[in-house]
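# Structural overview for review
Take a look at the letters that make up each chain.
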Amino acid sequence: MRRFLEKSFAFLASFGLAITVLSFLLVLTVVGTVEQTRTSLYEVQRRYFESAFVVHDLGGIPVPLPGVYLLLVVLAINLVCGGIVRIRKSRSTAGIIVAHAGILFLLSGSLIEYQWSQKGHTTLAEGTETGEFQSYFEWEIAIAEARSSGRVEEHVIPGAQFMGLREGEKARFVSPAIPFELAVNRVFANCEPRAARAAGAGSVDGVALEELPPGKEAESDVAGAYVTVRPKSGGAPVEGLLWGLERYPMSVVVEGRRWTIGLSHRRWQLPFSIHLDDFRQQLHPGTGMAKAFESDVTKTRDGVRQKVKISMNEPLRESGYTLYQSSFIKPSQGGGRWWSTFSVVKNPADRVPLWACVVITAGLLLHFAQQLIRHVRAQTEKRA
Amino acid sequence: MRALTKPGPLLIAAFLAAAAAGCGRDGDPVPIEEKRVLAQPRPEQTVAADTMKRMGAQPDAGRGAGAAAPQLAWDVPEGWAELAPTQLRAANFSVPAMPGLECYVTVLPGGGGGLAANLNRWRKQMGLGPLADAELAALPRVKLLGADAHFLAMDGTYTGGNVEGGLPGYTMAAVALDRPGAAVFVKMIGPTAAVRAEIDRFKSFCASLREKNAEPPPGDGELKWKAPEGWTQGPAKSMRLVTFVPAGTTGVECYVTVLAGTGGGLESNVNRWRSQLKLEPLSAAEIAALPTVPVLGHSAPLVEIYGAESGLLGLVCELGPQTVFVKMTGPTPSLRDERERFVAFCRSLSD
Amino acid sequence: MSRNARAEGREGGRAGGWRAILLVLALAAPAFAEESRPAESHARWNRETVDLFARLPVQEGGRVKPLSTFASFTLLALNGRRGCTTPEGVRLEPTEWLMDCLFWPEHASLYSCFLVQDTQALDDLGLAHEGKSRRDRYSYTDLLPARGKLFELASQYDRIEAKLRNSVQGQVVNLAHNVMQFESITSSFYVLRSTPAGADCAAIARVFGKDARPSFSGILARAAELRPYLGMADDPHGSGASGDPVLRGWAEEVAGSPGGLALFPPPPGAAADAEWLTPGGVAAEALFGGADMKQPVETLAEFELLFRLRGDATAFGARAESFRDRVVAAARARGEYDKIPLEVAFYRGQFFYYAQVVFVFAFLIAAFGWIKPTKLVPRLTTGTVALGTLLLVAGITMRCIIRGRPPVSTLYESILFITAVSVIASMVAEWINRQGIALTLSTILGAGGMFLANRYEMQEAVDTMPSLVAVLDTNFWLASHVTTVTIGYGAGLLAGAIGHVTILGRIFGLKRNEPSFYRTLASMTYGMLCFGLLFSVVGTVLGGIWANDSWGRFWGWDPKENGALAIVLWELIVLHARKGGYIRDHGIAMCSVFGAAVVASSWWGVNLLGVGLHSYGFTSGILLTLIGYYVFEALVLVAGGVAWYLKRGAGDSAVAARMLPGPEKVG
């Protein structure tokens, strides 16, 4: 047993493993890059970079490869075993160990980001305020009792619980606070509502969803779903369809109360709100080329208001969230007003790369400087 | 040291398990666990719409040749909340203090099927029978957009919402105006008590409704068009919205200018063009007799001058606060060839 | 034949195409037809006057630059070189050519300044080209009969994605663009030629007198008095009536006149990012705008005088000075003139051209040294390389000062910088190892890099100091991330270059009996890889941090990011393989050659994919060069592999043994 463990450790700490993993990473990086000319970046990331295994299509020949996620996990183990634990500890390896630690730090930061970060955007017109942001890719179904004003409680079904449904599968959702059960009968990752040719199967009120192939940009795909609302009290079920770009949510009256059921990109609440005071776009004079974009916003947190400017390369950081100037809508398209889009990221490891960079730089500098000095000395002695 | 060998397989196993984990399918119902609280409902949640409307579908009668559909402006009554307009609703309101109440303005180009048909459709939605012609004529009138419009208030069970069995105890107040080119309807629907409480504000809202002046300032680029086949957009020039060069021609260009005000007036512009080509000025009567082209909902006179060598096609569209000029200059033969496309281009201009 | 006679012959001989073009303008100005015929003969410009114009500031492409820079890149784009020959065989430099375009458009239309790469494009346009070679130059007048067809086809081809266009389609699009550019320049000052006179225009008669023939700027100077006659509805002082139709018509035509050159600084008090004005722009502002246009109108008046003096070289020169003084004073007041003289000096200096010459010369000296070694040769080579490097660094530094930016913010600048880095790094390597190899390499890298840079500049033919898109507008990140990553590229390429010496040396039996020679090469390669790794890793991570700060994600698997990562991964593989005993000297050489190909892919290759945030535009001419380079490297690697295989049994067992996995030594 001991021998086996020792052998396993030797394997995990070996240069051979390091070279193999790095080589696979290189191959994955290359195929994942070339693949982007055919497939959306989102899809490529999901299949190649965030997976344990991937089957790459090489001109019709399926080539199985390990995914980058798996490779990075193995690399981290290899790094710990070989580059930190087993490596000879001396003055000449100090730099290497530090650099390895830095890489490890960077990798753990990436893991934290991958597992626990939230990314999305919020788009608002000048003079409006929001305390929410939306995912670019994920979907949700929100159920709420309709009120014309006042506090509203929204019950949220995350997309992960229904977007994976295959044809013929159904998912049912219940909550003690809701007087009905919601069944999701069929989902589409990308679809469009069309006037149904014939009433009946596959259409609701003369509208049917038509499935579309996934787009080149995954964020422009619009999901859709057929749902059934079954009152718990045993009333007649109501069929409905939901679509990611619907103007209004589906609306049902159960036991005398009106409820709304809406499909939208996943929304998250911010612990503060921002009001867009002003958006500016500067152009290089005489050209249509943007020189700078910036937004003046008022941030309100716990009743404390603060004016902040957000511009390209200068994000707003607040309560673990970071807001970046990412895009805008011109008044001619935005109904006479400028709209500003901020990407919103909550990443606990936001600053890890910076510190990792410092550590890696220090380690490599130390190591290579030592080597260079030794080499120069040897050469000088040889000449002397 | 031994422990160090373990996290790897564990992590991988955890990852694989996570990847394989599906979602609540078929079997037992999945509890909805996530919840969030909004201080105010989202505007879209306050509207009960049918599936067609929810998907933003347009009725068949929509748009079409609706050149005369008016752009509207209004004052929002106190306590009303303006919602985003939709394809069918030019204006859209809720009254936060009156749950379930909605008010909106519909503009139907081409009349939307006639006044009587619409009024009777609404009566049916409220569970009431159709009105006889005489009853229709006897309806009270209110002022809307400077004209006399029919006013109708109906109590009953509202079946227009997406609700089974309808909503009893509801009232619909409607003002309907049939104008040449477009019908304008203003409606308020809600629980009877709520409608009663808001009826005065509804009437003052109707009174405040007015036509918006087409406002884009010169060179704003708000004007849209469809370039005829073979026309190439030329380089941008100041004061011009757009310049086109028709294919296969030399020295021909067509461009659009928008000037504030009358731009010097029809007569002076036409005669200026004529004088450039050394032609006698036209009298006011002759100008009035010029052929016209429907442009931006107006009848715009078309000037055609074919000189011995060169000529000019010009169109003046006076919109009130501003004037749109479309001009094409070049050798006469080319202008004759391009005339059809020029007219088509002018017709294609839209706001 | 005099110019005059030639021009007249042309006017009479053709079916009036040129006239038709001008017709648009003629409509507004009946008097123009007489003036359009070249009535005055055209002498060459004085040297001093050309110099003066070369230093005039003009706003184009989002920045204020010397007229000579604009002229030079425009002519490069049109003509494929920085010069143009008149039908009389006089060679014009770009500024002279531009001055002819501005002041003598009738003549400039006859200069063969449009380069057509392949007559096939002309066949497409239905243009005859008898007596011309396949790649030849044409004048505007030659192309004019096909102008309509040209624009028609170009608008069709323009809809095809750039990288999918075939070569004829690409040329047609290019040619149409060039013709438009030429028309825009030559029509800059047509507006000056047509002004309403008191006799035809009531408003002019009222303000200036019945028989007055005011000049263009004269009318603009009294725009305030003329405004009521413009019939502007929103003018509080306006009569409210329709105004004077003649004045109104003239004003409209002038204000809407073609683009042309933005030579006139905005009036004092205008915003810092206000646009410079063309003559039409000055008129539009003065007649319809609200700003006080006194100063621009006065400058325009100077220019108008200049225009009338175009036939008299001496008087023209003198007037040009006072025009220049006004423009420079206004530009200086806006802080937009300071760097103009430096930029003129930079282009006059032709630093990168001379650097290339010097590096080639250094290579010849070094080559001589390999044949006939003397003590003097290394010193002479070192001195020459140092001179070349000095020129290169001086040029880069001037660019930094002119742009107010760190050395690298465009692809072109990356060539300059990488060349500088690899030359300097090889000189340092030489200083450490003193074998003469790195020194020779530095001459090759210097000459090659400069050749590449100059070719690229010629091919792209656009200002190499462009305005930067918003995300790049940060000197901190340009200086840290871009510079570091670029140094990493340079080191990787240099390592590859040394690898070539090792492989080719072995194949051709260079220094067969000096194992120490190869050991030195190996240690240099290793050193360069370490140097490269340091900068690549740090640069790549810094890029991630930048991306995190501007887009909110550290790593997005964007092609350019992946390219940098590929370099890092490859260098890590090589260094770990060496440490683990998998490869030795020959293996490192082979790996570094492959590594150079990885660097080339990251530097140029990913741009060809045409996806991602860093896609700086399609670089079509690069593709073939890049493929050629890959083929060459593949051959080198195959040859190196064969060489290793053959020698494996023949005594060089140490190398062979080390290619197999051996006991792992750490540290």
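Since this is a predicted model, take the numbers as computed values, not measurements. Numbering of residues starts from 1 in every chain and runs along the sequence as written. Whichever chain is written first is A, and whichever ligand is written first is 1; the rest continue in order. pLDDT decides what is reported in this predicted model: residues at 70 or higher carry local features, side-chain atom pairs at 80 or more are listed and counted, and totals for whole chains, interfaces and linings draw on all residues regardless. Excluding hydrogens and water, the side-chain values take into account all heavy atoms of the structure.

On to the confidence of the model for chain C, then. All names here are of chain C. Note on scores: pLDDT gives the predictor's confidence for each residue, bounded by 0 and 100. In this model, chain C carries an average pLDDT of 83, and 86% of its residues clear a pLDDT of 70 or more. Whether two residues touch is decided by their heavy atoms; if any such pair falls within 4.5 Å, the residues are in contact. Below a pLDDT of 50 lies the segment residues 1–40, which in the model reaches 66 contacts outside its immediate sequence neighbourhood of four places, other chains included. Within the model, pLDDT remains below 50 along residues 233–242, and this stretch shows 13 contacts once partners closer than five positions in the same chain are excluded. As scored by the predictor, the complex reaches a pTM of 0.72 and an ipTM of 0.85.

To continue, consider the side chain of R266 of chain A. Comment: elements are numbered from the N terminus, with helices defined as DSSP H or I runs of at least four residues and strands as E runs of at least two. Structurally, R266 of chain A can be placed in strand β13 (residues 257–283). If near-sequence neighbours (up to four positions away) are discounted, R266 of chain A is found in contact with F133, Q134, S135, E138, W139, E140, V156 and P158 of chain A together with E34 of chain B.

Residues and elements named next belong to chain A. Here strand β1 (residues 53–58) pairs with strand β2 (residues 61–66) via 6 bridges, running antiparallel. What sits directly across from V55, in β2, is P64. The pairing criterion is simple: DSSP has to find at least two bridges between the two strands. In sequence, β1 turns back onto β2 through a hairpin of 2 residues, with G59 there showing a positive phi of about 55°.

Residues and elements named next belong to chain C. Between the first and last residue of a helix there are one fewer steps than residues, each counted as 1.5 Å, and that sum is the expected span. Taking 1.5 Å of rise per residue, 23 residues should cover 33 Å, and helix α22 (residues 411–433) covers 32 Å from first to last C-alpha, within 8% of that figure. The buried label goes to any residue with under 20% of its type's maximum accessible area, the exposed label to any with over 50%, and the partly exposed label to all in between, with areas taken from a 1.4 Å probe on protein chains only. The buried fraction of α22 is high, at 19 of 23 residues. R434 occupies a position one or two residues after α22 and carries a positive phi of about 50°.

A pairing counts as a salt bridge when a side-chain nitrogen of Lys or Arg comes within 4 Å of a carboxyl oxygen of Asp or Glu. Scanning the entire structure with this criterion turns up 63 salt bridges over all chains. Across the pair E183 of chain C and R147 of chain C runs a salt bridge, and its minimum N-O distance is 2.5 Å. With E183 of chain C in helix α11 (residues 167–186) and R147 of chain C in helix α10 (residues 147–158), this pair connects stretches of sequence that are 36 residues apart. Neither E183 of chain C nor R147 of chain C differs from the other in exposure class; each is buried. One salt-bridge network, held together by shared partners, links E132, E138, E140, E154, R266 and R267 of chain A together with E34, R36 and R42 of chain B.

A few words on the packing of helix α6 (residues 352–383) of chain A against α22 of chain C. Lines fitted to the C-alpha atoms define the axes, with helices restricted to the stretch that makes contact. Angles between their N-to-C directions range from 0 to 180 degrees. For the pair α6 of chain A and α22 of chain C, the least separation of the axes is 8 Å and the interaxial angle reads 45°. In terms of axis orientation, α6 of chain A runs oblique to α22 of chain C. Counting all contacts with α6 of chain A, which are made through L372, H375, V376, Q379 and R383 of chain A, the residues of α22 of chain C involved are W431, I432 and N433 of chain C. Across the contact of α6 of chain A with α22 of chain C, the residue classes break down as 4 nonpolar, 3 polar and 1 charged. Small angles under 35 degrees read as roughly parallel and large ones over 145 as roughly antiparallel, with 65 to 115 read as roughly perpendicular and the rest as oblique. Lys, Arg, Asp and Glu make up the charged group, whereas Ala, Val, Leu, Ile, Met, Phe, Trp, Tyr, Cys and Pro make up the nonpolar group; the residues left over, Gly among them, are polar.

Quite often, the size of an interface is put as the accessible area lost when its parts meet. All names here are of chain A. Note: domain ranges come from an automatic or database domain assignment. Assigned domains of chain A: these are domain 1 (2–116 + 351–383), domain 2 (125–130 + 271–346) and domain 3 (131–268). For domain 2 and domain 3, the distance between their C-alpha centres works out to 31 Å. If you look at the interface, domain 2 gives 7 residues, while domain 3 gives 4 residues. Defined in terms of a 1.4 Å probe, buried area is the accessible area two parts forfeit on being brought together, summed over both. Counting the surface lost from both domain 2 and domain 3, the interface buries some 420 Å², and carbon and sulfur atoms represent 58% of this. Across the contact surface, domain 2 and domain 3 share 0 salt bridges. Throughout this description, a polar contact denotes any pair of N or O atoms lying within 3.5 Å of each other; where both atoms belong to protein, one of them has to be capable of donating a hydrogen while the other can accept it, and for residues adjacent in sequence the pair is counted only when both atoms sit in side chains. Where domain 2 meets domain 3, there are 1 residue pair in polar contact (both at pLDDT 80 or more). Among the secondary structure elements, those contributing two or more residues to the side of domain 2 that touches domain 3 are β13, β17 (321–329) and β18 (339–346). Across the side of domain 2 that touches domain 3, the residue classes tally to 3 nonpolar, 4 polar and no charged.

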